[in-house]
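So the chains spell out like this:
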Amino acid sequence: MSQQIYQALRRGANAEAAALARQALAEGHKDTDTLSAAALAFRATGERETALSTIDTAIAQMPDDAELHFLRAGMLLDTRDLGGAQAALAQTVALDPNQFGAYVVQAQMAIGRNDLDEAERQTKLAARVAPEHPWTLMLEGVLASRRNDHDRALTLLSAASKGAPDDLQVISALGFAYLAKGHFAFAEQSFRRLIEKTGQVQLRGLLAQIVLQQGRPAEAADELAVLLADPAHATPSLQAFAGELELQAKRFDRATPLLQAAFAAHPDSHRATNGLLLLWEATGNTEETQATLDGALEKSPELDHLWVARLAMEAFGSEAATAIIARWNAARPDHLPALQAQLALESGTGAHEASEATARRMTTLQPGHGNANQLLFNRLLDRDPGAAVTFVEGLLPAASPQARLMLRRWIGAAQDAADRPADAIATWLDLNVEETAQVGLPPAPTAAPTSWPELATVEGARAPAVFLYGAPGAQVDRIANVLQRALPEFRADRFSTAVQDPFQDTNVPARLAEGVFTAEQVATGWLSQLPVRGIGANGAVIDWIPFWDNAWLLALRPQLPQACLLFALRDPRDMLLEWFAYGAPMALRITDVDSAAQWLAAHLSQIADVIEQDLFPHTVVRTDAPGEDLERLAARFAEALGVPAFPTPPRELLGPDRIPAGRWLAYREALAGPFAALTPVAVRLGYRQD
């Protein structure tokens, strides 16, 4: 009878196998072969407890049979009894040290609980028994993948697939390895095979994600449609995901019922609510969406994200928006998110007295509320800077460590506004010494070479490249903000992730000057990373770099003559104040005012050399007050980019004048020594001496 049961299982006729197993047991067939086959049949039909009791009966007859313990371990895994399964596997190995399968399962269990060291130990034991077995290679490949050695993982798993092309575990592991490496097309093939062989429709959710990664939202939605056809899988989250895909595919008639059903089932879901708004933006069904959200708010006024979504449908400051905020506050009195919306409305529409009253109400409910306290501080700063200092000092004792850093910057700004320069400098210095203690010192500028390499001739059409740089305090971020909004070629990624090229490393200029690096290595290293950074086929880029040293010219002049430097500059004495008051895009260690001023003077002298000697094509953008002459600013951008014209940027894109031009004059006594170090280079750059 056992052979008949096994034959049925091999055909996938699980119900038939279970029926044969019951018949065999009823007829009194109690040998271990029949019991093993019967247990597997019951396991295949989901009768886990029956399967476990059947295999236990077999073990009772032959307690020294390692294979039976191995089967029992698999059944315990089915019931999530990991401890029991581990014990059964240990018994398997104790009875038969060559039980390859037991090592494999124990390794897989260890991988499942992320115990990679134990998984490796079990894998090595399996390799002693069967070093070339596909499962051994599979385990080694999975371990390599978990340790981010994706190339080795693919090599091992590809070898395992050749040895066992139809093994489901190998196919699955190979699919996930392709996914980790970003080979989405190959991952898609693996998971399609897995679905075909197992019928596991649940995998279509993962398959949809993989297809979407390849830019095919309509096909991804079609994969989910198979899942959604079964009510057991049609969850609101899956409906929301499918609806989002249908929107991307511009199949709005298919997206509408999915997104509406997801929201109706779970209005408390942020994703479902966002899907409803995306549908509104795509189809313009304003009245219907408004009615849906209003109905949900009637039932669940405690769901803040619904109020935010409803507000998003109205123009800021409009009567409709004002009415919604009033409804929110009426439904949730003394509720901070509702009051925050009211504060934003009042401050954004110039209702100063009302916004102050709301802010005070918020700080009564939550004394450390950041937005409310900032509004109160800014109002005091405008009216009475001395009172602003006192106000912030009162907030310090109860503030968190992170909040204390921000509050101390506020105090410095208030002391500056109150014309207390010595106090402001003392506050800013203490703060900067503390904040930059763990970062590197500013690199010493390299000495100019005896002679510069010849500036190469630009031959043929070469992609333009602009390097944007501003020294600490130059307010280069204001320029970067304008360029980022206007030009898709602009890159500010160096300030969020470390780009793996020479311009990211402040140590490279000195090594380039010493001859450790060649000009070609620097240029090639920069060019090789452009595709990784998403630079298009034409290669045009505006690259905001964190640091400048004239030693870069040793590489730029012979290797990248088509490039241009775009320097953001202002009066160096104002730059020193800005650096101390607001920091710099790239943090540099500050120990005292004098050494910071001396370094900045030497650093800016290099830029003055570039300008005076015309060492490389360059454009200077003055950031002392860039908003005062927007047309001139646009002309500078056009010059740097080598284009006939650049659109005049709106004033608001430039942000505020944090340290207004000429503010350094109020600090002439407090910073006499540091300003003396900066004045010579200030004059070279075109600024007044005193």
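This structure is a prediction, so every number in the text was calculated from the model and none was measured.

On to helix α3 (residues 32-44), then. Given a rise of 1.5 Å per residue, 13 residues ought to cover 18 Å, and the 18 Å separating the end C-alpha atoms of α3 matches this to within 8%. The set of residues buried in α3 consists of T32, T34, L35, S36, A37, A38, A39, A41 and F42. In the segment just after α3, G46 is the residue with positive phi, at about 85°.

This part is about the sheet that holds strand β3 (residues 541-544). On the basis of which strands lie adjacent, the open sheet formed by five strands has the order β2-β3-β1-β4-β5 and parallel pairing. If you trace the sheet from one side to the other, it starts and ends with β2 (490-491) and β5 (618-622), each paired once. Note: β2 against β3, two bridges, orientation parallel. Note on β3: the bridge partner recorded for R491 is D543. Packing against the sheet, helix α27 (residues 476-486) makes contact with β1 (465-470), β2, β3, β4 (563-569) and β5, and its axis sits at approximately 150° to β1. With respect to the sheet, helix α33 (residues 630-641) is in contact with β1, β3, β4 and β5, its orientation differing from that of β5 by roughly 160°.

Our focus in this paragraph is the side chain of R408. Tracing the backbone shows R408 in helix α25 (residues 401-417). R408 gets classed as buried once you look at its relative accessible area, which sits at 18%. Once you skip the residues sitting within four places of it in the chain, R408 turns out to touch L396, T427, D430, L431 and E434.

What follows covers the packing of aromatic side chains. Summed over the entire model, instances satisfying the criterion amount to 14 aromatic pairs. Through successive ring pairs, a cluster of aromatic residues spans F467, F503, W526 and W552. Of note, R658 hangs over the ring of Y582, and the distance from its end group to the ring centre comes to 5.8 Å.

Taking 1.5 Å as the rise per residue, helix α23 (residues 370-383) with 14 residues should run 20 Å; its terminal C-alpha atoms sit 20 Å apart, in good agreement. Close packing links the buried residues of α23 with α21 (336-348), α22 (352-365), α24 (385-395) and α25.

Further remarks concern the pattern of salt bridges. The tally for this structure, following the rule as stated, stands at 36 salt bridges. Between R332 and D304 there is a salt bridge whose closest N-O contact spans 3.6 Å. With R332 in the loop between α20 (319-331) and α21 and D304 in helix α19 (residues 304-312), this pair connects stretches of sequence that are 28 residues apart. A residue is classified by how much of its surface remains accessible, and R332, at 23% relative accessible area, is partly exposed. The exposure class of D304 is partly exposed, given its relative accessible area of 23%. Residues joined in a network through salt bridges with shared partners are E188, R192, R204, R216, E219 and E223.

Rules behind the numbers
- Residues numbered from 1 in each chain as written.
- Predicted model: local features only at pLDDT ≥ 70, side-chain atom pairs only at ≥ 80, totals over all residues.
- Heavy atoms only, no water.
- Helix = DSSP H or I, 4+ residues; strand = E, 2+ residues; numbered from the N terminus.
- Expected span 1.5 Å × (residues − 1).
- Buried < 20%, exposed > 50% of the residue type's maximum accessible area, 1.4 Å probe, protein only.
- Pairing = 2+ DSSP bridges.
- Contact = heavy atoms within 4.5 Å.
- Axes fitted to C-alpha atoms, helices over the stretch in contact; angles between N-to-C directions.
- Phe/Tyr/Trp six-rings, centres within 6.5 Å; stacked < 30°, edge-to-face > 60°.
- Lys NZ or Arg CZ within 6 Å of the ring centre and 35° of its normal.
- Salt bridge = Lys/Arg side-chain N within 4 Å of Asp/Glu carboxyl O.

Geometry only, nothing functional implied.
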